[in-house]
Amino acid sequence: MAHGDVGLELGARVAGALRRGLGLEITPAEAVIRPSTREGVDYQCNAAMSLAKKIGKAPREVAEAIVAHLDSADLLEVPEVAGPGFINLRLRDEWLAGRVGALVGDTRLGVAPVEQPRRFALDYSSPNVAKEMHIGHLRSTIIGDALLRLLRFAGHEVVPHNHLGDWGTPFGMLIEHLVDEGHGADSGISDLNRFYQQARAKFDADPTFADRARARVVALQGGDEGTLTLWRALVEESTRHFQQAYELLGILLTPGDVYGESFYNPYLDTVIDELTAKGLTEISDGAVCVFPPGFTNREAEPLPLIVRKSDGGYGYAATDMATVRYWVTERGMTDLLYVVGTPQAQHFAMIFAASRQAGYLTEAQTSVHIGFGTILGEDGKTIRTRSGESVKLADLLAEAVEQAAKTVAERSSLDSDRQAEVARAVGIGAVKYADLSNDREKDYVFTWSRMMAKEGNTSVYLQYANARCQSVLRKAGTPRFGEVLVTDPAERALLVRLLQLPAAITAAVEGYAPHKLTGYLYDLASTFTTFYDSCPILRPDVPDEVRASRLALTKVTSDVLVLGLDLLGIEAPAEL
Ligand code: ARG
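Residues numbered from 1 in each chain as written. Predicted model: local features only at pLDDT ≥ 70, side-chain atom pairs only at ≥ 80, totals over all residues. Heavy atoms only, no water.

Draft legend 1. Layout of the packing of aromatic side chains. The final tally for this structure, using the stated rule, is 17 aromatic pairs. Measuring from centroid to centroid gives 6.2 Å for Y259 and Y326, while their planes differ by 45°, and the two rings are tilted. Residue Y259 is found in the loop between α9 (225-249) and α10 (265-277), and its partner Y326 is found in helix α11 (residues 316-330); the two are separated by 67 residues along the sequence. Assigned by exposure class, Y259 and Y326 land together as buried. With centroids separated by 5.7 Å and ring planes inclined at 55°, the aromatic side chains of Y267 and Y326 adopt a geometry described as tilted. (Phe/Tyr/Trp six-rings, centres within 6.5 Å; stacked < 30°, edge-to-face > 60°. Helix = DSSP H or I, 4+ residues; strand = E, 2+ residues; numbered from the N terminus. Buried < 20%, exposed > 50% of the residue type's maximum accessible area, 1.4 Å probe, protein only.)

Draft legend 2. Local environment of the confidence of the model for the chain. Residues at a pLDDT of 70 or more form 98% of the chain, whose mean pLDDT is 93. With pTM at 0.95, the complex prediction returns an ipTM value of 0.99. (pLDDT = per-residue confidence, 0-100.)

Draft legend 3. Examining the site of the ligand more closely. In the neighbourhood of the ligand, the contacting residues comprise D123, S126, N128, H137, H163, Y316, D320, Y338, V340, Q344 and F348. At 2.8 Å, a side-chain N or O of N128 approaches a nitrogen atom of the ligand. Contact with the protein chains hides 89% of the accessible area of the ligand, taken as 350 Å² for the molecule alone. Under a 2 Å grid-point criterion requiring more than half of the atoms, the pocket assigned to the ligand is the second largest pocket. Considering only residue class, the shell around the ligand consists of four nonpolar, five polar and two charged. (Near = heavy atom within 4 Å. Polar contact = N/O pair within 3.5 Å; in protein donor to acceptor, adjacent residues only side chain to side chain. Areas by Shrake-Rupley, 256 points an atom, 1.4 Å probe, with all protein chains shown as cover. 1 Å grid on protein atoms, 1.4 Å probe; cavity = no way out; pocket = protein on both sides within 12 Å on 5 of 7 lines; lining within 4 Å. Sits in = over half its atoms within 2 Å of the grid points. Nonpolar A, V, L, I, M, F, W, Y, C, P; charged D, E, K, R; others polar.)

Draft legend 4. Quick look at the side chain of H241. Within the fold, H241 resides in helix α9. Relative accessible area serves as the criterion here: at 19%, H241 is assigned to the buried category. Those residues in contact with H241 that sit more than four places away from it in its chain are E132, M133 and L192. (Contact = heavy atoms within 4.5 Å.)

Draft legend 5. Structural context of the packing of helix α16 (residues 459-475) against helix α19 (residues 514-534). Two elements in contact, α16 and α19, have axes separated by 10 Å at closest approach and are oriented at 40°. The angle between α16 and α19 falls in the class oblique. Here α16 and α19 pass one another in a crossing that is left-handed. Each of Y461, L462, A465, R468, C469 and V472 in α16 lies in contact with α19, whose residues at this interface are L521, Y522, A525, S526, F528, T529 and Y532. Broken down by class, the residue content of the contact of α16 with α19 amounts to 10 nonpolar, two polar and one charged. (Axes fitted to C-alpha atoms, helices over the stretch in contact; angles between N-to-C directions. Parallel < 35°, antiparallel > 145°, perpendicular 65-115°, else oblique. Left-handed = near helix turned anticlockwise from the far one by under 90°.)

Draft legend 6. Structural detail: the pairing of strand β4 (residues 86-89). Note: strand β2 (residues 43-45) against β4, three bridges, orientation antiparallel. From the neighbouring strand, C45 faces β4, where its bridge partner is I87. Where strand β3 (residues 80-82) meets β4, three bridges bridge the pair, whose relative direction is antiparallel. Directly across from A82, in β4, lies its bridge partner F86. Linking two consecutive strands that pair antiparallel, namely β3 and β4, is a turn of three residues; a positive phi of about 50° is found at G83 within it. (Pairing = 2+ DSSP bridges.)

Draft legend 7. Just the side chain of T554, in detail. Tracing the backbone through its elements, the reader meets T554 in helix α20 (residues 544-567). A polar contact of 2.7 Å, which involves the side chain of T554, links it to the backbone oxygen of R550. Once residues within four sequence positions are removed from consideration, T554 is found in contact with C469, V472, L473, F528, F531 and I537.

Next up, the structure:
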């Protein structure tokens, strides 16, 4: 049974009190109920301040009116007005115990599905064909995958799509290089970066090769069958390569989710026609452009969104206009999300503005660029290998698993096969968690020692906390979960924390901010550690009903950690 967010539930009571006491209407969210870290206080209501200003009363007077009319004796101790008009709220022990007791065996752990599900199209990962996926694509892949899991769990429909860079002028030189190399079993495409660099070098050094490459682009765009076959070989080899990375990372994307740039080719002419019919296009230096209002360069001149280049070709912007049109018009999606690095912020802002002008996006749709910063090395610069090249994803993950294997071997009693599996879960988890636990908008420094640490806000710490829960449950034999009791402050703190999962998930979903969930999980694991250190569970002198209650708490804590990590795409092995 899903109960939802305690803060909102309290907010609804406060709203009721305001209606009865002062004839004011507010929403539960407007009651501004926040968890409190004060001794003896679980939540604080901060609504009196802002409301007092609005209605010309003293904040304390408003707070006292709320308290006087609050109908909450079933769940709260007598509330207390503090300072200028805060209201301190403390949940009743019996109420807490009943709520947490209901979480035993609840697969949603109290998280109610959203009342109004929406239909999200989620663009993430989106690497480029014939280029190795590098650490820059790592963030899009990891953040996008966590958002996919979070949105789905919240109850929304989500269609992921991988906007593969599989079209455009570089394919001329890539295909010609493939022709030269021969595309047999070992064409050399498997080393994608080298293949790309070789093609590039030939293009720059050899004018006949460059001419062939240009002719190839024309043949490709003209739909020449032989050229398309070669192009497909490149796309397939790259897709295979990306799929391997997804599998290693435990990413949900499949080849069926690829909607590469080429997918939108059939729609490009229509887009230009529709934009033109709406009077939105202008010819500028031979190119067809849209000038969405509000975008200017340093000289205050309007910035163009080039939808058809002067040579007649279509580019990145035209494809993205067609992408918006497709997902809204053909697929009926209500929300378009793009998990792409912050340097493309202006591109997306212009695409969204032009799409609204064109009527592809209306008030019924939202469109959001979910940007993210870069990963920095410990020197504060873009992360590089020792020899100065950009870091390959595969190498980075291999290193993570290797380091995790050492950590696991230090104290594990597992056999070597199982140790290898656990090392993978720990190593990959650490890479993902380091990314997800940082506010995505910011750059972050990639520090092996910090992300692999057993203490602190890391996945390893959460995985150990869960393994500790699992070990207690194993030692208890067939554990008997009893009615939840409140016998100790550390135990009580754990109950309060367990009920904050719904709020953490809502915050992560609504802000497209996985770090709101990691922060919660870290707090939960710390609260559990304090509980575990001060509340014995299996010791023989613990009364049976207390043990049964503490085992139930241990079970729910483990369930929350496992669910939370799963929503981040991270495994939680039962033993480490
Ligand atoms: N392939 C692009 C890149 O690597 C990212 C594509 C993002 N999605 C989009 N619809 N433009 O930069």
